[in-house]
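Overview (structure and organization)
Below, each chain spelled out in residue letters.
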Amino acid sequence: MHKYRRTIMWLGLLLIIVLTVLSIYGAFIGAERAEHFFNQPPLAVFWMALATLLIVGIAAFRRLVRIPGLLLMHAGCVLILAGGMWGSHAGHNLQKKLFRIDKIHSGRMAIYEGSSDNRVALDGTREQKELPFSLKLKDFRIEYYQPVYLRIQTHQGRQWKIPVEVGKEFPLGDEAGTIKIVKAYENFKVGMEEGKSAPFDDPSPGSNPALEVQITEPNGQAATQYVFERFPGHSHNQGKFSLSYHRVISDYISELQIVEGDKIVAEKDIEVNHPLRFGGYHFYQSSYDDKAGQYTVLQVVSDTGLYVVYAGYWMLCIGVIWHLWLRHIFKRIQSKYK
Amino acid sequence: MEIKYTIQGLLIYMTIAAYLLAFVTTLLRRPKSGHFLYLLGFAIAVCSFGYRWYHVRHVPLQNLFEVFLCLGMIYPVSLFCRRVLRVGSDAADMLIGAIVLFPAGFIFHADPQQLPPALQSWLFIPHVAAYMFSYIFMLMATFQAFCQLAGINPKPGENLLSPEESTYRIICMGFPLLTLGLILGSYWGKLAWGDYWGWDPKELWSLASWLVFLGYLHFRYMFGKKHPRINSLWAIAGMAVIIITLLWVNLSRIFSGLHSYAT
Ligand code: HEM
């Protein structure tokens, strides 16, 4: 190997080792500090050096160009680094200075049901910025795994798990009697009816899921109990059973519309793992109003540089698989039929 | 740590026992009986996977318990390494089979899980499966690296590669899977959390393990077989970082991060 090629190779190895050490260091300090650390100016120099060295390597080693797998891998890495830097916070600031592209890097927006908004609270600052279009939230809902279960336990440790089906009676054996779910409430409240307190399902905003349960003892004596999802253990039981009601969330869904002027230009129900892409941004289900379910919180992320990174991912994957697997398989097949 | 007093648990423990017995028998120079026990273990592992499939009524690759259960059927991978790659170490493969079933038997819960929203993605299975398969290959490579350091060579009649060459060949097999796991994970992170790279400890450890093997490949390109011991140490270091990635971050809860639900 030529001396200068050997130097490039050594430098490459050195940078790989340095990045390994930095990654391990980053793993010790936690995600938030690591993100800050890897985005600092000295690290930007490191990223630039790595990308430059890869390019120099491709120029210096003819094999890195001639062998397609090697070219794809190394060029793929250059794209990943370039796309990552271009899409970073610093990359966005640079684009603002150089090309006056003033894009939001990342932030969050809260939208109330039925209303539309275009204000984004920027991550890491107290600033707000506006998008050139608005998002309207038609509806926000939470879905639960079905069936939902009521759990019953006696003090002796016997347990039952019955699906919540209103009106259906379940036998609990000869000693315990039967149990029936009389009503399921989304927003349990107690009001006055003819001078007596009576529970009702309040349609106004709020959330207090509960079940009305009737337990009939073997001797025919029936008693009503209420079980609250948010207040476990807070059920008026007569001492024989403890009941619990807990639903497992399967999804959070925001039904969104994109509004430009007064025209709806796009529409999508976003959920976890299914973001909305529009106008150079990706919108993610991030959080919600856990008290009343009235608003959703979306994460807004710029897609600048993203597709360059994805192209790099494809090249790296295809390159590695071609160079280390397929090439050999094809060679084997060829030599078999020669 | 939990012991499973169920048919599923019994099947897993029987497989582990068969693999361990096969391992000991092979070490005692009874390769035929060892191989028979290994096959027996494999048959029980297949039954165990089939039983799970019947029990949950979907392909059982939804959670880590099921993925490890699947990995317990390691026999075809060993066969592949021996026949195609000409790399062999039956005894070690048997031990690896028992090791990968250990988490399914004693660590992960077998209750059919309801997945939290972030885990409901088509990427879950390929991401985890790519990683698990790459880890198995890297474990096999590490074993070969230890053989190289200890000077254990295959018998002349066996038509197998030397431990140094075996290490390299298996790493070449596992590295694309490691790359695929990392990239699929990153793409999934983008869909679920909005970022393809979150600087989360688990991500950084997995990047570090990928980088160690990348370093190995470049080092071996530079020096070939000139420094076989350093090559081996490099492979062992990679495995050490993988073990930290897989276990330390999940189980110790020293670092709390986005991936902590994966326990
Ligand atoms: C930082 C500067 C880098 C330089 C100067 C460099 C240079 C090289 C060279 C000269 C080879 C040997 C090609 C041959 O077989 O003739 C090679 C192989 C390879 N490089 Fe890099 N590389 C660098 C970074 C990377 C990165 C970031 C990756 C990530 C994918 C990578 C992946 C590989 C792989 C997988 C091989 C194949 C090894 C083998 O066939 O054993 N390299 N590199």
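Residues numbered from 1 in each chain as written. Chains lettered and ligands numbered in written order. Predicted model: local features only at pLDDT ≥ 70, side-chain atom pairs only at ≥ 80, totals over all residues. Heavy atoms only, no water.

Next up on the list: empty space enclosed by the protein. All names here are of chain B. For the structure shown, the criterion picks out 3 cavities of 30 Å³ or more. Volume-wise, the largest cavity comes out at about 50 Å³. Ser-78, Cys-81, Arg-82, Val-87, Gly-88, Ser-89, Asp-90, Asp-93, Met-140, Gln-144 and Ile-170 together form the lining of the largest cavity. Put simply, the parts of the chain that give the lining of the largest cavity at least two residues each are helix H4 (75-83), helix H5 (90-107) and helix H6 (124-150). Of all the elements, H4 adds the most residues to the lining of the largest cavity, at 3 residues. Its residues placed into classes, the lining of the largest cavity shows 4 nonpolar, 4 polar and 3 charged. Inspection of the lining of the largest cavity shows a minimum of three residues originating in each of domain 1 (1-78 + 89-112) and domain 2 (116-263). (1 Å grid on protein atoms, 1.4 Å probe; cavity = no way out; pocket = protein on both sides within 12 Å on 5 of 7 lines; lining within 4 Å. Points joined across faces, edges and corners; volume = space filled by probe spheres on them. Helix = DSSP H or I, 4+ residues; strand = E, 2+ residues; numbered from the N terminus. Nonpolar A, V, L, I, M, F, W, Y, C, P; charged D, E, K, R; others polar. Domains from an automatic or database assignment.)

Moving on: the domain arrangement of chain A. Residue and element names in this part refer to chain A. Along its sequence, chain A is carved into domain 1 (2-97 + 305-336), domain 2 (104-143 + 250-302) and domain 3 (146-247). Its C-alpha centre places domain 2 at a distance of 37 Å from the equivalent point of domain 3. Across the contact, 4 residues belong to domain 2 and 4 residues belong to domain 3. In this assembly, domain 2 and domain 3 are joined by 0 residue pairs in polar contact (both at pLDDT 80 or more). The class makeup of the residues in the side of domain 2 that touches domain 3 is 1 nonpolar, 1 polar and 2 charged. (Contact = heavy atoms within 4.5 Å. Polar contact = N/O pair within 3.5 Å; in protein donor to acceptor, adjacent residues only side chain to side chain.)

Here the focus is a positive patch on the surface. A cluster of like positive charges, contributed by Arg-332 and Lys-336 of chain A together with Arg-86 and Arg-169 of chain B, occupies part of the molecular surface. Considering the arrangement of structural elements, one finds Arg-332 of chain A in helix H7 (residues 306-336). (Patch = residues over 30% accessible without salt bridge, like charges linked within 9 Å, V, L, I, M, F, W, Y side chains within 5 Å. Areas by Shrake-Rupley, 256 points an atom, 1.4 Å probe, with all protein chains shown as cover. Salt bridge = Lys/Arg side-chain N within 4 Å of Asp/Glu carboxyl O. Lys, Arg positive; Asp, Glu negative; His and termini not counted. Charge placed at Lys NZ, Arg CZ, Asp CG, Glu CD.)

This part is about a nonpolar patch on the surface. A cluster of nonpolar side chains, namely Trp-314, Ile-318, Trp-322, Leu-326, Ile-329, Phe-330, Ile-333 and Tyr-337 of chain A, defines an oily patch on the protein surface of about 870 Å² accessible area. Given a relative accessible area of 40%, Ile-333 of chain A falls into the partly exposed group. (Buried < 20%, exposed > 50% of the residue type's maximum accessible area, 1.4 Å probe, protein only.)

To continue, consider the coordination of the iron atom of the ligand. Surrounding the iron atom of the ligand are the protein donor atoms His-74 of chain A (NE2) and His-218 of chain B (NE2), which sit 1.9 Å from the metal. If you look at the iron atom of the ligand, its 6 donor atoms make angles of 88 to 179° with each other, and the shape they trace is octahedral. On the criterion of chain membership, the pair formed by His-74 of chain A in helix H5 (residues 68-87) and His-218 of chain B in helix H8 (residues 201-223) is interchain, its members lying in two chains. With relative accessibility at 15%, the residue His-74 of chain A sits in the buried group. (Donors = N, O, S within 2.8 Å, 3.2 Å for Na, K, Ca; no water. Tetrahedral: all angles 85-135°; square planar, octahedral: opposite > 155°, others 65-115°.)

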